[in-house]
Structures are given as C-alpha cells and as structure tokens.
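Geometric and topological summary
Each chain, letter by letter, is given below.
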Amino acid sequence: MALSCIWLMFFFSLFGHGVLELIEAFHHVYLNVHQTAQYSTSGNQPYRTSYHFQPPNNWMNDPNGPMLRLGIYHLFYQYNPKAAVWGSNLIWGHSTSTDLVNWTPHDPAIYPSQQSDINGCWSGSATILPGGHPVILYTGIDPENRQVQNLAAPKNFSDPFLREWVKFKHNPLLTPNSKNKINATYFRDPSTAWLGSDGNWRVIIGSQKKERGLAILFKSNDFVHWEEAEKPLYSANKDTGMWECPDFYPVLFKSPLGIDTSSNGPDVRYVLKVSFFRTPHDYYMIGTYNPDKDIFIPDNGPFKDSSLRYDYGKFYASKTFFDDKYPLHRRILWGWVNESSSAIDDIKKGWSGVQAIPRSIWLDKSGKQLLQWPIKEIETLRGTQIELPYQVLSGGSVLEVSGLTAAQIDHSIVESFGAEGKACITARVYPTLAINDAEAHLYVFNNGTENIGITRLSAWSMKKAQIN
Ligand SMILES: *[C@@H]1O[C@H](CO)[C@@H](O)[C@H](O)[C@H]1NC(C)=O
Ligand SMILES: *[C@@H]1O[C@H](CO)[C@@H](O)[C@H](O)[C@H]1NC(C)=O
Ligand SMILES: *[C@@H]1O[C@H](CO)[C@@H](O)[C@H](O)[C@H]1NC(C)=O
Ligand SMILES: *[C@@H]1O[C@H](CO)[C@@H](O)[C@H](O)[C@H]1NC(C)=O
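We now turn to the structure provided with this report.

Calculation criteria
- Residues numbered from 1 in each chain as written.
- Chains lettered and ligands numbered in written order.
- Predicted model: local features only at pLDDT ≥ 70, side-chain atom pairs only at ≥ 80, totals over all residues.
- Heavy atoms only, no water.
- Helix = DSSP H or I, 4+ residues; strand = E, 2+ residues; numbered from the N terminus.
- Rg over C-alpha atoms; globule rule 2.2 N^0.38 Å.
- Buried < 20%, exposed > 50% of the residue type's maximum accessible area, 1.4 Å probe, protein only.
- Contact = heavy atoms within 4.5 Å.
- Areas by Shrake-Rupley, 256 points an atom, 1.4 Å probe, with all protein chains shown as cover.
- Lys, Arg positive; Asp, Glu negative; His and termini not counted.
- Charge placed at Lys NZ, Arg CZ, Asp CG, Glu CD.
- Near = heavy atom within 4 Å.
- Polar contact = N/O pair within 3.5 Å; in protein donor to acceptor, adjacent residues only side chain to side chain.
- Nonpolar A, V, L, I, M, F, W, Y, C, P; charged D, E, K, R; others polar.
- Core = buried A, V, L, I, M, F, W, Y, C linked by side-chain atoms within 4.5 Å.
- Pairing = 2+ DSSP bridges.
- Axes fitted to C-alpha atoms, helices over the stretch in contact; angles between N-to-C directions.

Some thoughts on the overall build of the protein
In terms of regular secondary structure, the protein is built from four helices and 33 strands. In terms of overall size, the protein behaves like a compact globule, its C-alpha atoms giving a radius of gyration of 23 Å where 468 residues would be expected to give roughly 23 Å. Counting only C-alpha atoms, the protein reaches 70 × 50 × 45 Å along its principal axes. Counting all 468 residues of the protein, 55% fall into the buried class. Long-range contacts, defined here as pairs at least 24 residues apart, represent 62% of the contacts in the protein between residues at least 6 apart. Just so you have it, the protein exposes about 20800 Å², and 55% of that area is on carbon and sulfur atoms. Within the protein, the 44 negative side-chain charges are centred at a point lying 3 Å from the centre of the 42 positive side-chain charges.

Structure below.
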C-alpha cells in the first residue's frame, strides 16, 4: 500500500507538472526522414530475410527500447535514414507487433530535433513507469559532438502504437563535464532503469576511463534529476576498452520464468551484460546485487575475453526486456546481427544488419550460465516438415536430406542453439547457388571417426513473416 502510494506520487510528480509540461511540443517534422522510410530496396535480393526483423532499406544496428505495452510489442532500432552504412546521424526506427513475429512499421520515433541530439539519436532503453507509462532514455549527440543523455515520452498515451514521441524540454539530463570527469566520447547507451526499495530509480550507462570499461550508475527520485553514484555498478580491473549497451536484470534461481527489472528477493540472481566495443562481442556475468551499496558482485569476476558470451558468432549490442503478456512471464533478448559482407556490397544491396530472432533467456539450473531459446511464436511459421527417425551416421560419412527449396532457409542468416540453449552461434552466410527457388539440400556431416546416433532429425520449411 505504502509503495503504491509512493508510485502514485512519483507518477504525478513526473507527469502532473513534469513531463507533460516540460516536454511540450518541439516537433520539427523532418520530412526527408519520413519519406526515406517509405520505399524499399529493389532488384534481385537473395539475402533479404523472410522472418528475421529488418527495415525496408538502409543501415540498422542496435535494438533500442524493446518493451511490451497494452499487449503490443515495440521494437525501436538504430537506423541510418540516408545510407546502407553506419553514420553518426542515426535515428530511432520503430515497429510494433502483437506476436514478436509479424511487424508493422511506423514513422521514426526519435530523430534529431533539439540541441541535445542534433547530431544523432543513439541507443537507449525504455522503462515502464508505475501506471504503465513508458519513457525512453537515450544518448544524443550534441552540437559539440558530445554524448549526452536525453528523455522522451509518448505524445499521446492513448495511442496504442505510441507513434509520436516528445522530448523533455530541459534535455540533456546528463552531460559529461569537468566535475564528473566523464569523457564525452565514452558516455552512452542508458539501460532500462530499475526502482530500489528506497524509492530511487537507478540506471547504468556505458563508459571507459583509462581504457577500463565502466557501467556508471546514476540515481534519481523523479527520473529527471540524476546523480552519479559514488561508485560504478561495476568496472573493469584492466584494459578492456569501452563498454557499450550495458544491461542489468534479475533472473530467478531454479525457474525459467522471467521477472520485472525492478524485482528483487531471495530467489533472485543478477545478470550484468556489457558489449565490448573492441571485440565486438556481448559478455555477461551472473552474480548478486547489493542494493544498499549499489554494487554488482559477480560469481566469477572480473570480465575478461574468456567470460561467458550470449552468442559465439555475430550478435552484438543486445538488450532484454520483461514480457508479461498474459499468461507469459519471460525475459526476451534482442540482438543485432551485423553483416559479414563488405560495405561496398552493403551499399550495392541497399541495406545492412538484421535482428536475431527474439530469444527467451533464463538461468540454467546450475546457476552458472544462461540458457536461450527462440521464442515459441516463431513456430507458427512452420510449414512442411521433414522428419528422420533414429539412425547411425558412421564416422566420415554424410547424410543428405532433400526436398527443401533455398527460399526456405532464412537466406543469409543461420542461428544455432546447442545443448538445449547452452551454446548459441549466429552466422551470416551469402550463398551463391542455393538462392531464390533453387533446390536446397540439408547435409549432416560426421567428420569424426566414431559412429554417431542421431536420435531424431526434424526440419521445417518456414513461411514468410510480415516484416515491415
Ligand atoms: C490519442 O490517441 C487516441 C487513440 O488513438 C485518439 O483517439 C486521440 O484522438 C488521440 N489524441 C490526440 C490529441 O491526438
Ligand atoms: C577523450 O577521449 C578521446 C578519444 O580517446 C581523447 O582524444 C580525448 O583527449 C579525451 N578527452 C579528455 C578530456 O580526456
Ligand atoms: C560489422 O561487419 C563488418 C563487415 O564484416 C565489419 O567491418 C564491422 O567492423 C562490423 N562492425 C561491428 C560493430 O561488428
Ligand atoms: C566435414 O566434411 C565435409 C564433407 O566431407 C566437408 O565438406 C567439410 O568441410 C568438413 N568440415 C570440417 C569442419 O572439417
């Protein structure tokens, strides 16, 4: 009761005379931004995907602000409205879905319109405030090309698609300065915020100091005024380079169910994920979170190149969100899968980057690592099935499975999940023969010398999802 009272007060303090007044319309409509999103790439496109998320054209990288609100999933993403290669002028593309499989595009949600983001709107996260009101914290690039943190909120909370976003009038909320000694080129990617039992919100932001990665912690009691905590939530003890896109969330011990980012309790363990800009890979650690000292204590720290990874292939700048769409309770992981082709090839095909299939993510029974599995909903796209019964594949032999067409693998991406989700490897592939309607073959190799028993082999053709 007391807690809901505090939440209510918080809500009014932010929205009563806060955000609604403070973010009053700024609205320059950048027509070229809107128009660019209308047309799609043309010509022969053997590598565009059928059920992996991608925009109609151009460059996409990090997933941003994923969330569920009123039964609708939102995915925002880093998008270059002008080219198929990265540029600092990134904006937030926006699509919505009711099943995480089929997606409807909307106009870009956040694009340069204030001094505090005039040179780019970079990554950030959504937080659902008490009362079900989402807000977004994101990194803006200001006129001096400094990285600063900004706040945005939906213009119309009654719009189920949250199509228009307005910005806090007094952005930026957080700046690098001589007092905090944060370097303005290393201050980005605010996480989803979580609420402590003291009523203060917490958020972490990626940084580095003297080549050591940092997840800098900030606290606020109104989501507007943020103070840097005495210590980072966690920092590297050696030269790791910049940490991007930090993600910090609770997982249940001995249950696959997900929980809200602000939950805590005796059966809760914590995951800290950071994206090492140098490698570039997503590493995570499992540990405990001391909410009084506001520090994360990993079971097997510190972070190193041999720390656990979400994925041992291409998968970067990932972000999770809590999905409690009735009757679900799960945590979903989104991750950007970069191309392996050259920038010249990307310009030629007119686009670059896809998102991995959203994955459920939870703690293994051992408590030592996370498990991941593609969301169940993706199975609704399954068509014709090929099923092989038990058989032995002798050492050095190859089993060929035919009857598939090339259009039925997802064209240029392969995601593999080994040992029931313990090891994931994502790869980009650009076939030259198995394209369009050509017949495709599935081969099972046993390159070892021992005979191997294949318990079962099932394969499905996949229908096309509606992607933007
Ligand atoms: C807000 O959205 C609702 C639902 O789409 C719509 O009926 C209403 O007219 C919108 N309000 C404004 C001010 O645009
Ligand atoms: C911040 O980092 C950049 C890039 O490494 C460096 O050139 C610059 O000198 C640093 N600024 C300060 C104030 O240390
Ligand atoms: C993305 O892939 C391209 C091509 O392989 C590579 O040059 C680039 O460094 C990659 N970027 C990241 C951030 O992974
Ligand atoms: C496994 O064997 C197949 C067929 O002989 C061959 O094409 C493939 O390159 C081999 N893979 C490895 C990893 O050696």
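Notes on the site of ligand 3
Around ligand 3, the surrounding shell consists of P280, K314, W336, N338, E339, S340 and S341. In this structure, an oxygen atom belonging to ligand 3 sits 2.3 Å away from a side-chain N or O atom of N338. Measuring from an oxygen atom of ligand 3, one finds a backbone N or O atom of E339 at 3.1 Å. Compared with its free state, where it exposes 360 Å², ligand 3 has 50% of that area covered by protein. Split into classes, the residues belonging to the shell around ligand 3 amount to two nonpolar, three polar and two charged.

Comments concerning the nonpolar core
Core analysis: the largest hydrophobic core is formed by 23 residues, its most contacted members being F53, L100 and W103. Listing elements by their share of this core, those giving two or more residues are strand 1 (58-69), strand 2 (72-80) and strand 21 (330-337). With four residues, strand 2 is the single largest residue contributor to this core. Grouped together as the second largest cluster of nonpolar side chains are 22 residues, A229, W243, I259 and Y270 included.

Description of the side chain of N180
Within the secondary structure, N180 sits in the loop between strand 8 (165-167) and strand 9 (187-188). A residue is classified by how much of its surface remains accessible, and N180, at 16% relative accessible area, is buried. Reaching out from N180, the side chain makes a polar contact with the backbone oxygen of T175 at a distance of 3.0 Å. Not counting chain neighbours up to four residues away, the residues in contact with N180 comprise T175, K209 and E228.

Focus: the sheet that holds strand 5 (residues 121-129)
Read across the open sheet, the four strands follow the order 5-6-7-8; overall the sheet is antiparallel. The open sheet terminates on both sides in strands that have one partner only, identified here as strand 5 and strand 8. Between one strand axis and the next, the sheet turns by 30° as a mean value, whatever way the strands run. Inspection of the sheet shows strand 5 paired to strand 6 (residues 133-141) by seven bridges, in the antiparallel sense.

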